[in-house]
Amino acid sequence: MEGVRPATEDDLARLAELTRAAIAELTPMKGGAVWAARSLKASLADENTRVVVGTIDDVPIGYAAVHVEVLNDGSRLGVVDDIFVEEGAREVGVGEAMMGDLMSWCGAEGCAGMDAVALPGHRSAKNFFEESGFTARKLVMHHRLGERRSR
């Protein structure tokens with residue numbers, strides 16, 4: 001049975017495993033390297049962030065994170081930082097359950113809307129977001145400035 005619950009510090013080791021799997025899957029995709037450098041920066045202790053785990057039979061097989069961004073006009077926007085379900089456990093409702101939790105939390109936080117990112121060419125992610133009621137509102141362009149230098 002699928003479920004969703006807030007992530008706790010006890011989940012950190014499993015969250016690290018799931019994050020490594022997400023990075024391995026998405027980094028080779030167009031835009032994936034930049035996504036991986038930003039991945040799961042949300043803090044479990046940040047009151048403006050919600051991190052959840054999706055479970056099957058109480059075993060974490062996915063995670064999702066959203067934070068609240070306050071816009072210049074004072075309105076609030078939920079920003080999905082990450083949502084990932086292990087490949088073998090997809091399309092059984094865990095992602096939908098996690099997204100439902102994030103939407104409920106953002107609504108309770110007074111958000112006027114939510115944003116999420118799907119990498120170019122990642123059709124299944126785009127379809128997932130559209131099935132969750134998201135529509136495209138912008139296209140993010142990126143220009144690489146050179147190799148990262150250590151400081």
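Structure shown above.
First, a word on scope: everything that follows refers to the structure included in this document. (Residues numbered from 1 in each chain as written. Predicted model: local features only at pLDDT ≥ 70, side-chain atom pairs only at ≥ 80, totals over all residues. Heavy atoms only, no water.)

In terms of helices and strands, the protein chain carries 4 helices and 5 strands. Relative to its 151 residues, the protein chain shows a buried fraction of 36%. Of the contacts formed within the protein chain by residues at least 6 apart in sequence, a portion of 59% connects residues at least 24 apart. Of the roughly 9800 Å² that the protein chain leaves accessible, carbon and sulfur atoms contribute 51%. (Helix = DSSP H or I, 4+ residues; strand = E, 2+ residues; numbered from the N terminus. Buried < 20%, exposed > 50% of the residue type's maximum accessible area, 1.4 Å probe, protein only. Contact = heavy atoms within 4.5 Å. Areas by Shrake-Rupley, 256 points an atom, 1.4 Å probe, with all protein chains shown as cover.)

For the rest of this paragraph, the subject is the nonpolar core. With 19 residues, the main nonpolar core has Val66, Met99, Leu102 and Met114 as its most contacted residues. Counting only elements with at least two residues in this core, the list comes to β3 (59-70), β4 (76-85), α3 (94-108), β5 (111-115) and α4 (123-131). For this core, the leading source of residues is α3, giving 6 residues. Those residues in contact with Met114 that sit more than four places away from it in its chain are Val66, Leu77, Gly78, Val80, Met99, Leu102, Met103, Cys106 and Phe134. (Core = buried A, V, L, I, M, F, W, Y, C linked by side-chain atoms within 4.5 Å.)

With that settled, the discussion passes to the sheet that holds β5. Pairing is mixed across the open sheet formed by 5 strands, whose spatial order is β1-β2-β3-β4-β5. Of all the strands in the sheet, just β1 (2-6) and β5 have a single pairing partner and so form its edges. Strand-to-strand twist of the sheet, defined as the mean angle between neighbouring strand axes without regard to direction, takes the value 25°. Bridging between β3 and β4 involves 9 bridges; their strand directions are antiparallel. (Pairing = 2+ DSSP bridges. Axes fitted to C-alpha atoms, helices over the stretch in contact; angles between N-to-C directions.)

This brings us to unusual backbone geometry. A positive phi is found at Asp57, a non-glycine position, where the angle reads about 50°. Considering the arrangement of structural elements, one finds Asp57 in the loop between β2 (49-56) and β3. With relative accessibility at 57%, the residue Asp57 sits in the exposed group. The residue Glu91 is not glycine, and still its phi comes out positive at about 65°. Here Glu91 is to be found in the loop between β4 and α3. Judged by its relative accessible area of 81%, Glu91 is exposed.

Attention shifts here to the packing of aromatic side chains. Considering all chains together, one arrives at 3 aromatic pairs under this definition. Between Phe128 and Phe129, the ring centres sit 5.5 Å apart and the planes meet at 65°, which makes this aromatic pair edge-to-face. Each of the two residues, Phe128 as well as Phe129, counts as buried. (Phe/Tyr/Trp six-rings, centres within 6.5 Å; stacked < 30°, edge-to-face > 60°.)

Considering all chains together, one arrives at 7 salt bridges under this definition. Note that Arg137 and Asp115 form a salt bridge whose closest N and O atoms lie 2.4 Å from each other. Taken together, the residues span a long stretch of sequence, with Arg137 in the segment after α4 and Asp115 in strand β5 at a distance of 22 residues. A residue is classified by how much of its surface remains accessible, and Asp115, at 15% relative accessible area, is buried. Across the salt bridge formed by Glu130 and Lys126, the nearest N and O atoms sit 2.7 Å from each other. Residue Glu130 and its partner Lys126 are both found in helix α4; the two are separated by 4 residues, about one turn of the helix. By relative accessible area, Glu130 is classed as partly exposed at 40%. (Salt bridge = Lys/Arg side-chain N within 4 Å of Asp/Glu carboxyl O.)

Take a negative patch on the surface next. A contiguous patch of negative charge, built from Glu2, Asp57, Asp58, Glu91, Glu96 and Glu131, is present on the exposed surface. In this structure, Glu96 sits in helix α3. Taking the relative accessible area as the measure of exposure, Glu96 reaches 41% and is therefore partly exposed. (Patch = residues over 30% accessible without salt bridge, like charges linked within 9 Å, V, L, I, M, F, W, Y side chains within 5 Å. Lys, Arg positive; Asp, Glu negative; His and termini not counted. Charge placed at Lys NZ, Arg CZ, Asp CG, Glu CD.)

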